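Per-entry structural report
Each chain is listed here by its residues.
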Amino acid sequence: LALGLPAAAWSQALPQPRAAQTSPAPTPNAPVYSPRSEPMAFRLLSGKGPGGAPQWIEAAGQIRLDTPKAFEAFRNANKLDGLPVVLDSTGGSVIGALIVGRAMRALNLATSVGRTIDTDRGPAIRSRDVLCASACVLLLAAGKERQVASDARIGLHMFGLSVNADGQRARD
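A brief structural summary. This is a predicted model, so every value here is computed, not measured.

In regular strands, side chains alternate between the two faces of the sheet. In strand E4 (residues 110-113), alternate side chains face the same way, and those of Ala110 and Ser112 on one face and Thr111 and Val113 on the other are all buried. Alignment of strand E3 (residues 84-88) against E4, held across four bridges, turns out to be parallel. Bridge pairing in E4 links Val86 to Ser112. Crossover E3 to E4 through helix H3 (residues 94-106) is right-handed. Bridge count between E4 and strand E8 (residues 146-147): two bridges; the pairing is parallel. When the bridges of E8 are listed, Thr111 appears paired with Arg146.

Structure (C-alpha coordinates):
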(Lines give C-alpha, C1' and ligand atoms only; values in the text may rest on other atoms or scores of the structure.)
Protein backbone atom coordinates (compact mmCIF):
# COMPACT_ATOMS: atom_id res chain seq x y z
CA LEU A 1 0.00 0.00 0.00
CA ALA A 2 1.23 3.48 -0.87
CA LEU A 3 -0.53 6.41 0.80
CA GLY A 4 -3.39 4.09 1.71
CA LEU A 5 -4.05 3.05 -1.89
CA PRO A 6 -3.60 -0.41 -3.37
CA ALA A 7 -0.61 -0.59 -5.73
CA ALA A 8 -2.84 -0.82 -8.83
CA ALA A 9 -4.75 2.36 -7.89
CA TRP A 10 -1.52 4.17 -7.00
CA SER A 11 0.07 3.46 -10.40
CA GLN A 12 -3.08 4.65 -12.18
CA ALA A 13 -3.02 7.90 -10.17
CA LEU A 14 0.48 8.74 -11.42
CA PRO A 15 0.74 10.95 -14.50
CA GLN A 16 1.45 8.90 -17.60
CA PRO A 17 4.45 9.80 -19.78
CA ARG A 18 3.75 11.99 -22.78
CA ALA A 19 4.49 10.86 -26.30
CA ALA A 20 7.83 12.11 -27.57
CA GLN A 21 7.62 15.39 -29.41
CA THR A 22 9.97 16.31 -32.19
CA SER A 23 11.34 19.79 -32.73
CA PRO A 24 12.55 21.22 -36.00
CA ALA A 25 16.30 20.80 -36.49
CA PRO A 26 18.26 23.89 -35.37
CA THR A 27 19.89 26.01 -38.03
CA PRO A 28 23.61 25.15 -38.14
CA ASN A 29 25.83 27.74 -36.41
CA ALA A 30 22.83 29.85 -35.43
CA PRO A 31 23.39 31.61 -32.10
CA VAL A 32 20.92 30.61 -29.42
CA TYR A 33 20.04 33.26 -26.85
CA SER A 34 18.40 32.56 -23.57
CA PRO A 35 18.30 34.86 -20.55
CA ARG A 36 19.01 31.69 -18.58
CA SER A 37 22.55 31.58 -20.05
CA GLU A 38 23.48 34.99 -18.64
CA PRO A 39 24.37 35.63 -14.97
CA MET A 40 21.25 36.01 -12.82
CA ALA A 41 19.90 39.55 -12.98
CA PHE A 42 17.16 41.15 -10.88
CA ARG A 43 14.58 43.67 -12.08
CA LEU A 44 11.68 45.34 -10.29
CA LEU A 45 8.69 45.37 -12.64
CA SER A 46 5.18 46.77 -12.64
CA GLY A 47 2.20 45.33 -14.47
CA LYS A 48 0.15 42.20 -13.93
CA GLY A 49 2.35 40.01 -11.73
CA PRO A 50 1.81 36.75 -9.86
CA GLY A 51 -1.60 36.62 -8.20
CA GLY A 52 -2.42 40.02 -9.69
CA ALA A 53 0.42 41.75 -7.80
CA PRO A 54 1.09 45.21 -9.27
CA GLN A 55 4.87 44.82 -8.74
CA TRP A 56 7.23 41.86 -8.77
CA ILE A 57 10.89 40.94 -8.90
CA GLU A 58 12.21 39.15 -11.95
CA ALA A 59 15.17 36.84 -11.22
CA ALA A 60 16.44 35.30 -14.45
CA GLY A 61 19.72 33.68 -15.41
CA GLN A 62 22.47 31.48 -14.04
CA ILE A 63 23.06 31.61 -10.28
CA ARG A 64 26.76 32.25 -9.66
CA LEU A 65 28.97 32.84 -6.65
CA ASP A 66 28.61 36.59 -7.21
CA THR A 67 24.79 36.47 -7.42
CA PRO A 68 24.43 37.26 -3.68
CA LYS A 69 26.33 40.54 -4.22
CA ALA A 70 24.07 41.40 -7.16
CA PHE A 71 20.98 40.65 -5.06
CA GLU A 72 22.31 42.71 -2.14
CA ALA A 73 22.88 45.71 -4.44
CA PHE A 74 19.39 45.27 -5.91
CA ARG A 75 17.86 44.98 -2.42
CA ASN A 76 19.66 48.12 -1.24
CA ALA A 77 18.36 50.09 -4.24
CA ASN A 78 14.70 48.96 -3.95
CA LYS A 79 11.97 48.38 -1.39
CA LEU A 80 11.34 44.66 -1.75
CA ASP A 81 9.61 43.51 1.45
CA GLY A 82 6.82 41.07 0.65
CA LEU A 83 7.04 41.26 -3.15
CA PRO A 84 6.74 38.13 -5.29
CA VAL A 85 9.84 36.86 -7.09
CA VAL A 86 9.44 35.27 -10.52
CA LEU A 87 12.22 32.75 -11.20
CA ASP A 88 13.57 31.58 -14.56
CA SER A 89 16.86 29.73 -14.16
CA THR A 90 18.59 26.47 -14.92
CA GLY A 91 20.44 26.81 -11.62
CA GLY A 92 24.15 27.16 -11.03
CA SER A 93 25.96 27.79 -7.75
CA VAL A 94 24.45 25.99 -4.76
CA ILE A 95 26.28 28.31 -2.37
CA GLY A 96 25.07 31.41 -4.23
CA ALA A 97 21.50 30.09 -4.17
CA LEU A 98 21.62 29.32 -0.44
CA ILE A 99 22.80 32.85 0.37
CA VAL A 100 20.23 34.56 -1.89
CA GLY A 101 17.52 32.21 -0.61
CA ARG A 102 18.19 33.23 3.00
CA ALA A 103 17.99 36.89 2.03
CA MET A 104 14.70 36.28 0.18
CA ARG A 105 13.23 34.49 3.20
CA ALA A 106 14.32 37.35 5.51
CA LEU A 107 12.44 39.79 3.25
CA ASN A 108 9.26 37.62 3.30
CA LEU A 109 9.30 37.28 -0.47
CA ALA A 110 6.93 34.89 -2.22
CA THR A 111 8.37 32.86 -5.10
CA SER A 112 7.00 31.48 -8.35
CA VAL A 113 8.29 30.16 -11.66
CA GLY A 114 7.71 32.25 -14.75
CA ARG A 115 9.10 34.57 -17.36
CA THR A 116 8.33 38.23 -17.84
CA ILE A 117 7.03 38.99 -21.32
CA ASP A 118 6.10 42.27 -22.95
CA THR A 119 2.48 42.64 -24.00
CA ASP A 120 0.40 45.48 -25.44
CA ARG A 121 -0.77 46.16 -21.88
CA GLY A 122 2.73 46.10 -20.37
CA PRO A 123 4.81 43.39 -18.70
CA ALA A 124 3.07 40.14 -17.76
CA ILE A 125 4.10 36.70 -16.53
CA ARG A 126 4.20 33.57 -18.67
CA SER A 127 4.67 30.14 -17.13
CA ARG A 128 4.50 27.87 -20.18
CA ASP A 129 7.91 26.38 -21.10
CA VAL A 130 9.61 28.10 -18.16
CA LEU A 131 12.15 26.26 -16.04
CA CYS A 132 13.44 26.44 -12.48
CA ALA A 133 16.04 23.71 -12.10
CA SER A 134 18.95 22.63 -9.96
CA ALA A 135 20.03 25.42 -7.56
CA CYS A 136 17.05 27.55 -8.68
CA VAL A 137 14.84 25.19 -6.69
CA LEU A 138 16.60 26.44 -3.53
CA LEU A 139 15.38 29.96 -4.35
CA LEU A 140 11.88 28.65 -5.03
CA ALA A 141 11.86 26.83 -1.69
CA ALA A 142 13.01 29.99 0.13
CA GLY A 143 9.76 31.79 -0.67
CA LYS A 144 7.37 32.56 2.15
CA GLU A 145 4.70 31.30 -0.26
CA ARG A 146 5.53 29.27 -3.36
CA GLN A 147 3.56 28.90 -6.59
CA VAL A 148 4.28 26.75 -9.62
CA ALA A 149 1.85 26.73 -12.52
CA SER A 150 0.97 23.35 -14.01
CA ASP A 151 2.70 24.26 -17.28
CA ALA A 152 5.99 25.41 -15.67
CA ARG A 153 8.85 22.97 -15.21
CA ILE A 154 10.84 22.15 -12.06
CA GLY A 155 14.09 20.19 -12.27
CA LEU A 156 15.47 18.42 -9.20
CA HIS A 157 18.56 16.35 -8.70
CA MET A 158 20.95 15.50 -5.90
CA PHE A 159 23.05 18.49 -4.86
CA GLY A 160 26.63 18.16 -3.76
CA LEU A 161 29.61 20.25 -2.83
CA SER A 162 33.12 19.02 -3.42
CA VAL A 163 35.77 19.60 -0.77
CA ASN A 164 39.48 18.87 -0.82
CA ALA A 165 41.39 16.83 1.77
CA ASP A 166 41.71 19.90 4.04
CA GLY A 167 37.94 20.31 4.17
CA GLN A 168 38.08 23.45 2.01
CA ARG A 169 35.56 23.87 -0.77
CA ALA A 170 37.27 22.78 -3.98
CA ARG A 171 34.47 23.81 -6.35
CA ASP A 172 30.83 24.79 -6.26
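By size, the foremost hydrophobic cluster in this structure holds 26 residues, and its most contacted members are Ile57, Phe71, Leu80, Leu87, Leu109 and Leu139. Elements represented by at least two residues in this core include exactly strand E2 (55-60), helix H2 (67-77), E3, H3 and helix H4 (136-142). When residues no more than four places from it in sequence are discounted, the contact partners of Phe71 are Phe42, Leu80, Val100, Ala103, Met104, Leu107 and Leu109.

What follows deals with a nonpolar patch on the surface. Taken together, the side chains of Val148, Ile154 and Leu156 present a nonpolar region at the surface, about 260 Å² in accessible area. Positionally, Val148 belongs in the loop between E8 and strand E9 (153-155). A relative accessible area of 39% places Val148 in the partly exposed class.

You can see Glu58 is positioned in strand E2. Among the polar contacts listed, one links the side chain of Glu58 to the side chain of Arg43, at a separation of 2.6 Å. Here the side chain of Glu58 touches Thr116 through a polar contact of 3.2 Å, side chain to side chain. Aside from chain neighbours lying at most four places away, what touches Glu58 is Ala41, Phe42, Arg43, Leu45, Val86 and Thr116.

What follows covers the environment of Ser127. By secondary structure assignment, the location of Ser127 is in the loop between strand E6 (122-126) and strand E7 (131-133). A relative accessible area of 17% means that Ser127 is categorised as buried. In the structure, Ser127 is positioned twelve residues away from Arg115 in sequence and 6.3 Å away in space, judged by C-alpha atoms. Among the polar contacts listed, one links the side chain of Ser127 to the side chain of Asp151, at a separation of 2.6 Å.

The subject of this paragraph is unusual backbone geometry. Trans is the common state for peptide bonds, and a negative phi is the common state for residues other than glycine. A positive phi is found at Asn108, a non-glycine position, where the angle reads about 60 degrees. Residue placement: Asn108 occurs in the loop between H3 and E4. Asn108 gets classed as partly exposed once you look at its relative accessible area, which sits at 41%.

Our focus in this paragraph is the layout of surface pockets. Here the second largest pocket defines a volume of roughly 150 Å³. Pro84, Ala110, Thr111, Glu145 and Gln147 are the residues nearest the centre of the second largest pocket, which is lined by 14 residues in total. Top contributing element to the lining of the second largest pocket by residue count: E4, with three residues. Its residues placed into classes, the lining of the second largest pocket shows six nonpolar, six polar and two charged.

Cut-off values and rules
Residues numbered from 1 in each chain as written. Predicted model: local features only at pLDDT ≥ 70, side-chain atom pairs only at ≥ 80, totals over all residues. Heavy atoms only, no water. Buried < 20%, exposed > 50% of the residue type's maximum accessible area, 1.4 Å probe, protein only. Helix = DSSP H or I, 4+ residues; strand = E, 2+ residues; numbered from the N terminus. Pairing = 2+ DSSP bridges. Right-handed = clockwise from strand over helix to strand, strands pointing away. Core = buried A, V, L, I, M, F, W, Y, C linked by side-chain atoms within 4.5 Å. Contact = heavy atoms within 4.5 Å. Patch = residues over 30% accessible without salt bridge, like charges linked within 9 Å, V, L, I, M, F, W, Y side chains within 5 Å. Areas by Shrake-Rupley, 256 points an atom, 1.4 Å probe, with all protein chains shown as cover. Salt bridge = Lys/Arg side-chain N within 4 Å of Asp/Glu carboxyl O. Polar contact = N/O pair within 3.5 Å; in protein donor to acceptor, adjacent residues only side chain to side chain. 1 Å grid on protein atoms, 1.4 Å probe; cavity = no way out; pocket = protein on both sides within 12 Å on 5 of 7 lines; lining within 4 Å. Points joined across faces, edges and corners; volume = space filled by probe spheres on them. Nonpolar A, V, L, I, M, F, W, Y, C, P; charged D, E, K, R; others polar.

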